[in-house]
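The chain contents come next:
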Amino acid sequence: MTDPAYAPQPDDRRPGSFERAARNAAFVMIAETAAKITTFAWTVVAARELTRGQFGSFNFALSLALILASIAEWGFDPVMVQRVSREPSSRERHFANAVGWEGAIATLLFGTAAIAAGIASSGVTRIVVLLVLLAAFLDVFSDTIRALGTAVQRQGVTSIALVVQRIATVGVAIPVLLLGGGLEGFAIAFLAGYLVGFVAHLVALRRLGVRFHFRLIERDGMRTFARGTTAIGLSGLVLAALFRVDALIVAGLKGEAALGAYSVAYRLFETSLFVAFAVNSALFPLMAERGDDPAEVRGVMEKALGSIFFLYLPYTVVCVVEAEEILDLLFGSRYAATSAGSLRWLAAAPLVYALAFITGSALTALRRTGGMLVAAVVATVVNVSLNFALIPLIGIEGAAITTTASYLVEGLVLLWYLSRAGGGHPDLVAVALPPLGGAAVLAAVLVLAPVPTAVAIVIGLALYVVGWWAVARRFAPDQLEFVRELARRVVPARGRSGGS
């Protein structure tokens, strides 16, 4: 008799479509925007209320914890998305295997790190590291639940859970910081927010109609599930190091105060990445469904990159032209001078990061993941080498230069592998042309308009949209239509957050 846990489940998933992808992108965009705003809010308050050394210490602990979390997640989440997209009736089995692998690896890694922190550090530093490690441990499983929402193309409920987590964190952390709780109180508040978020993700899991069953974790199933994760896992591990190793190197070579100054500029870059995550989260299931047709995957990828260029080029222009003013406004004058150079060099980092990220997803959909590992290793070698070469010479600006250069190298290598996978590579000139037209107008307004910076940015962004629309209407109507669909879905999505 068939075990009910393995019995086919009703497949309530409709065939993927760009309309549905736009709706899911709207869900994720709203959630990620709210999440990033709240995260950025406590970052601003922490940077102002803590010393640069304390702020650097927290970011050091966070960087270490996130690297460990990336190791624990390996390639299990994207493989789960890929397989559930193709076999929706087996979603509980694939989810259980992903959680089983991640739970075993995370327990080993975080337990070892906690013991090491207890031995190697003392006082407040030890407490902060342990609290941040525990928060990141819980978030490993929250990430997997959100990945399941992506796989079944019902991202509304998991998006709400993410917002609850971030609002809880900021709701506790900011009062603690303003009341003088210091670094230790901030770390306690950080963990409290992630505990609330973990519970919210468990609720979201039930709303997806999925339960976690230990009996689904079997040796043969685990072994089968792990196949195909090696290249993704190794590339993810290397990319996690690429994403965080600069913080560790800055702290080691220049001290925690320098890391605090660098973290301010880096946080702006990191905050902006919600755009890439939202667009990829919505469109990756469509690429996975079309994984047998490289030309179809390329078409989805071009829509994704069109949205990425449209949304990121204004950020790049504003950060290059108005770096000091932005930092002074957000973090205070003590960071305007020390971090402006880093922010300018990081201005293009979100764009090249997103290019690499979306291209990697296309390769995953095509089941050609070997190139992802090669690209990640090459980019990390470039990153570590340039960091050790440039940071001693020019300080934290060297770390910023290295970050942008590394993601550019990774993206170019991935594009080369994508062209070899068949179907050619995306037409980046056609994709980038409309946003570049708008960006030229925005830059001219910021440089030439005799008005306050805030007014110039508002006027420039409005004219950016006009310039982009004019060029897209003539040369890239598909890009225009997809962005329109995305915009139309943002407002209706609020009322259907529990839907698909």
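Just above, that's the structure.
Quick look at the structure, then. Because the structure is predicted, anything quoted here is derived from the model rather than measured. Every chain begins its residue count from 1, and numbering advances along the sequence as written. It should be noted that, the model being predicted, local features are given only for residues of pLDDT at least 70 and side-chain atom pairs only at 80 or more, the latter also being counted only at that level, while totals for whole chains, interfaces and linings use all residues. Note that water and hydrogens are dropped before the side-chain values are worked out from all heavy atoms of the structure.

Looking at empty space enclosed by the protein
Put simply, the test is: Only protein atoms enter the calculation, which uses a 1 Å grid: trapped sets of points that fit a 1.4 Å probe without letting it out are cavities, open sets showing protein on both sides within 12 Å along at least five of seven lines are pockets, and any residue with an atom within 4 Å of a point is a lining residue. Grid points are joined across faces, edges and corners, and a volume is the space filled by probe spheres set on the points. Only DSSP runs of H or I reaching four residues or more are called helices, and only runs of E reaching two or more are called strands; each is numbered from the N terminus. Residues are grouped as follows: Ala, Val, Leu, Ile, Met, Phe, Trp, Tyr, Cys and Pro are nonpolar; Asp, Glu, Lys and Arg are charged; all remaining types, including Gly, are polar.
Counting across every chain of the model gives two cavities of 30 Å³ or more. Taken as a whole, the second largest cavity spans an internal volume of roughly 90 Å³. The wall of the second largest cavity is formed by Asn59, Ser63, Phe243, Arg244, Asp246, Ala247, Tyr262, Ser263, Tyr266, Arg267 and Glu270. For the lining of the second largest cavity, the secondary structure elements donating two or more residues are helix H2 (52-73), helix H9 (230-254) and helix H10 (256-272). Ranked by residues supplied to the lining of the second largest cavity, first place goes to H10 with five residues. In the lining of the second largest cavity, the residues fall into four nonpolar, three polar and four charged.

Side note on the packing of helix H6 (residues 155-178) against helix H7 (residues 182-207)
Formally: For every element, the axis is a line fit to its C-alpha atoms; helices are fit only across the contacting stretch, and the angle between N-to-C directions ranges from 0 to 180 degrees. Any angle that falls under 35 degrees is termed roughly parallel, while one over 145 is termed roughly antiparallel, one within 65 to 115 roughly perpendicular, and all others oblique. The hand of a helix crossing depends on one turn: near helix anticlockwise from the far one by less than a right angle means left-handed, and clockwise means right-handed.
Close contact between H6 and H7 brings their axes to 8 Å; oriented N to C, the two are set at 160 degrees. One way to sum up the angle between H6 and H7 is to call them roughly antiparallel. In this structure, H6 meets H7 at a crossing whose hand is right-handed. A breakdown of the residues in the contact of H6 with H7 according to their chemical character gives 17 nonpolar, eight polar and two charged.

Digging into the packing of aromatic side chains
Filter applied, for reference: When the centres of two rings from Phe, Tyr and Trp lie within 6.5 Å, Trp using its six-membered ring, the rings pair. Their planes under 30 degrees apart give stacked, over 60 give edge-to-face, and anything left gives tilted. Categorising residues by exposure relies on relative accessible area from a 1.4 Å probe, with only protein chains included: less than 20% of the type maximum marks a residue as buried, more than 50% marks it as exposed, and the intermediate range marks it as partly exposed. Geometrically, a lysine NZ or arginine CZ counts as sitting over a ring once it is within 6 Å of the ring centre and also within 35 degrees of the ring normal.
Taken as a whole, this structure holds 25 aromatic pairs when the rule is applied. Taken together, a centroid distance of 5.6 Å and an interplanar angle of 75 degrees make the contact between Phe40 and Phe331 edge-to-face. Remark: Phe331 occurs in helix H13 (residues 323-331) and Phe40 occurs in helix H1 (residues 18-49); sequence separation between them is 291 residues. Taken as a pair, Phe40 and Phe331 share a single burial class, namely buried. An aromatic cluster is built from Tyr262, Tyr266, Phe269, Phe277, Tyr353, Phe357 and Tyr407, whose rings are joined through pairwise contacts. Seen from the ring of Phe225, Arg83 lies directly overhead, with NZ or CZ sitting 5.4 Å from the centre.

Some remarks on helix H14 (residues 333-346)
Going by this rule: A helix is expected to span 1.5 Å for every residue after the first.
Look at H14: 19 Å from first C-alpha to last across 14 residues, which is about the 20 Å you get at 1.5 Å a residue. Within H14 the residues assigned to the buried category are Tyr335, Ala336, Ser339, Ala340, Gly341, Ser342, Leu343 and Leu346.

Some words on the layout of surface pockets
The space that makes up the largest pocket amounts to roughly 910 Å³. What lines the largest pocket is a set of 26 residues, among which Leu268, Ser272, Phe274, Tyr315 and Leu461 lie closest to the centre. Taken together, the elements giving at least two residues each to the lining of the largest pocket come down to H1, H10, helix H11 (274-289), helix H12 (294-321), H13 and helix H19 (453-475). It is H12 that provides the largest number of residues to the lining of the largest pocket, a total of seven residues. Of the residues that constitute the lining of the largest pocket, the class distribution is 20 nonpolar, four polar and two charged.

Some thoughts on the nonpolar core
Applicable threshold: Here the nonpolar core consists of buried residues drawn from Ala, Val, Leu, Ile, Met, Phe, Trp, Tyr and Cys, with membership extended through side-chain atoms lying within 4.5 Å. In this analysis, two residues are considered to be in contact whenever any of their non-hydrogen atoms come within 4.5 Å of each other.
In terms of nonpolar packing, the biggest core is built from 144 residues, with Phe58, Phe269, Ile308 and Phe331 touching the most fellow members. Residue contributions to this core peak at 14 residues, all from H12. Leave out the neighbours within four places in its chain, and Ile308 touches Val275, Ala276, Val279, Leu351, Ala354 and Ile358.

Regarding the environment of Val377
One can find Val377 in helix H16 (residues 370-394). Sequence-wise, Val377 and Glu410 are 33 residues apart; in three dimensions their C-alpha atoms are separated by 8.6 Å.

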